[in-house]
Amino acid sequence: MYRFHPFPLPGPYGRGQWFLGDCQCITAARRAQRSAWRELIEIKPVDPLPPALQSHAFDNFKVAPYNEEPYRICSAYVERFGELKNGQGLILTGKSGTGKTHLACAVANALKERYVVRFAHVPTLLEKMRSGSVDLEALVNAQLLILDDIGSERESPWTTERLLIIVEGRLVHGRPTIYTTNYEAADLDKRLGMRLASRILGHNVALVLHGPDYRLQRYGY
Ligand SMILES: Nc1ncnc2c1ncn2[C@@H]1O[C@H](COP(=O)(O)OP(=O)(O)OP(=O)(O)O)[C@@H](O)[C@H]1O
Ligand SMILES: [Mg+2]
């Protein structure tokens, strides 16, 4: 029996002579169903960086004489990352708002498609560790780990021990880590303790970011 059909019947066929697959309603419905299934089964890769840090890149970092050297060394670090031996990393030091987290994330963003990268803001990480909700293995085994703001955590023997587990774990596996901190390299032992500072300073190149506080500059201060 002829039923109203919203689309014209395919050209070469008369009424009653067309195939199910030629019907635009049916193909559209099948297409919709396929894409619904795809959405259900597709595992979207999770970005290792928090949303606000995903856009930090080398090409939106303003280079000036006061930050040119750390910028150049971080870019070269990305270029040479595949050749790194024994887990050499970087320590980005400097005052607030000078671009330490920006540069560390520029490295992470440039490498995250090719390598397993993890990012952790140290005070937040330690807070999560208190409630036991941290995948320590993932932090120790990542091919690159960013430990942001080390030294700004509330210090205790417990926090030092947790950090030692991560830092030492990465060292023995030859995994590189990038640290950012407000403390000068020479003061890290006073802030973090000798054992932690010795491991961090002994395996990484320290870079100092100078210049204005970009956060304040943005608001005209
Ligand atoms: N050279 C730069 N060019 C462009 N934007 C910059 C530059 N330096 C910093 N910024 C921007 O300023 C803001 C603060 O930078 P960032 O978070 O890297 O500072 P920080 O040195 O890590 O500070 P803190 O010690 O407080 O953590 C960010 O939005 C960052 O993108
Ligand atoms: Mg920072």
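Predicted model, so just to flag it, every value in this text is computed and none were measured. (Residues numbered from 1 in each chain as written. Chains lettered and ligands numbered in written order. Predicted model: local features only at pLDDT ≥ 70, side-chain atom pairs only at ≥ 80, totals over all residues.)

Novice: What is the right way to read the overall build of the protein chain from this model?
Specialist: Per the secondary structure count, the protein chain includes nine helices and five strands. In terms of C-alpha radius of gyration, the protein chain reaches 26 Å, well past the compact-globule figure of 17 Å for 221 residues. The principal-axis extents of the C-alpha atoms in the protein chain amount to approximately 90 × 40 × 35 Å. (Helix = DSSP H or I, 4+ residues; strand = E, 2+ residues; numbered from the N terminus. Rg over C-alpha atoms; globule rule 2.2 N^0.38 Å.)

Novice: Explanation requested: helix H8 (residues 194–203) in the structure shown.
Specialist: What sets the pattern is the α-helix's 3.6 residues per turn: residues three or four places apart point alike. Three or more residues of H8 are buried, namely Leu196, Ala197 and Ile200. Mapping the buried residues of H8 onto a view down its axis gives an arc of 95°, with all of them on the same face. Relative to its buried face, H8 has exposed residues pointing more than 90 degrees away, namely Met194 and Gly202. If you follow the buried residues of H8, they end up packed against strand S1 (89–94), helix H6 (157–172), strand S4 (177–181), helix H7 (188–192) and strand S5 (204–209). (Buried ≥ 20, exposed ≤ 12 C-beta atoms within 10 Å, placed from the backbone. Arc of directions from axis to C-beta. Contact = placed C-beta atoms within 7 Å.)

Novice: What is the right way to look at the site of ligand 1 in this model?
Specialist: Near ligand 1 lie 17 residues; those nearest to it are Ser96, Gly99, Thr101, His102 and Tyr214. At the level of elements, helix H3 (100–111) and helix H9 (214–218) are the ones that each hand at least two residues to the shell around ligand 1. Among the elements that take part in the shell around ligand 1, H3 stands out by supplying three residues, more than any other. (Near = placed C-beta within 6 Å.)

Novice: Before we go on, may I ask you to explain the sheet that holds S1 in this structure?
Specialist: Backbone-to-backbone hydrogen bonds pair the strands of a sheet. The strands run either parallel or antiparallel. Read from one edge of the open sheet, five strands run S2-S3-S4-S1-S5, paired in parallel fashion. Edge positions in the open sheet fall to strand S2 (117–121) and S5, since each of these has one partner strand only. Averaged over neighbouring strand pairs, the angle between their axes works out to 15° when direction is ignored. Both S1 and S4 contribute to a ladder of four bridges, which runs parallel. When the sheet's bridge partners are listed, Thr93 is paired in S4 with Thr181. (Pairing = 2+ DSSP bridges. Axes fitted to C-alpha atoms, helices over the stretch in contact; angles between N-to-C directions.)

Novice: Explanation requested: the environment of Leu171 in the structure shown.
Specialist: Its location among the elements puts Leu171 in helix H6. A sequence separation of 83 residues divides Leu171 from Gln88, and the C-alpha atoms of the two residues are 9.0 Å apart. Leaving out residues up to four positions away in the same chain, Leu171 has contacts with Gly87, Arg199 and His203.

Novice: How do you make sense of unusual backbone geometry when you look at a structure like this?
Specialist: Residue Asn86 is not a glycine yet carries a positive backbone phi of 45°. Mapping Asn86 onto the fold places it in the loop between helix H2 (68–80) and S1. Classification of Asn86 by C-beta neighbours within 10 Å gives exposed; the count is 9. Phi angles above zero are rare outside glycine, and Asp149 is one such case at about 70°. Mapped onto the elements of the fold, Asp149 is located in the loop between strand S3 (144–148) and H6.

Novice: Whenever I open this one, H3 confuses me. Can you help?
Specialist: With 12 residues, H3 should cover 16 Å at 1.5 Å per step; its first-to-last C-alpha distance of 17 Å lies within 8% of that length. Burial runs high along H3: nine of the 12 residues are buried. When H3 is considered as a whole, its buried residues turn out to be Lys100, His102, Leu103, Ala104, Cys105, Ala106, Val107, Ala108 and Asn109. In this structure, the buried residues of H3 make contact with H2, S1, S2, S3, S4 and S5. (Expected span 1.5 Å × (residues − 1).)

Novice: Could you clarify how one ought to interpret the packing of H2 against H3 in this entry?
Specialist: A pair of packed helices is captured by two measures, namely the crossing angle of their axes and the spacing between those axes. At a minimum axis separation of 10 Å, H2 and H3 run at an interaxial angle of 20°. Judged on the interaxial angle alone, H3 and H2 are roughly parallel. As H2 runs across H3, the sense of the crossing is right-handed. Between H2, through Pro70, Tyr71, Cys74, Tyr77 and Val78, and H3, the contact on the second element is made entirely by Leu103, Ala106, Val107, Ala110 and Leu111. Class assignment of the residues belonging to the contact of H2 with H3 gives a composition of 10 nonpolar, no polar and no charged. (Parallel < 35°, antiparallel > 145°, perpendicular 65-115°, else oblique. Left-handed = near helix turned anticlockwise from the far one by under 90°. Nonpolar A, V, L, I, M, F, W, Y, C, P; charged D, E, K, R; others polar.)

Novice: How do you make sense of the pairing of S1 when you look at a structure like this?
Specialist: Each regular strand shows side chains that alternate between the opposite faces of the sheet. Within S1, six of the six residues are buried, leaving the element largely enclosed by the surrounding structure. With burial as the criterion, each face of S1 is covered, one bearing Gly89, Ile91 and Thr93 and the other bearing Leu90, Leu92 and Gly94. With six bridges connecting them, S1 and S5 associate as parallel partners. Paired with Leu90 across the strands is Val205, a residue of S5.

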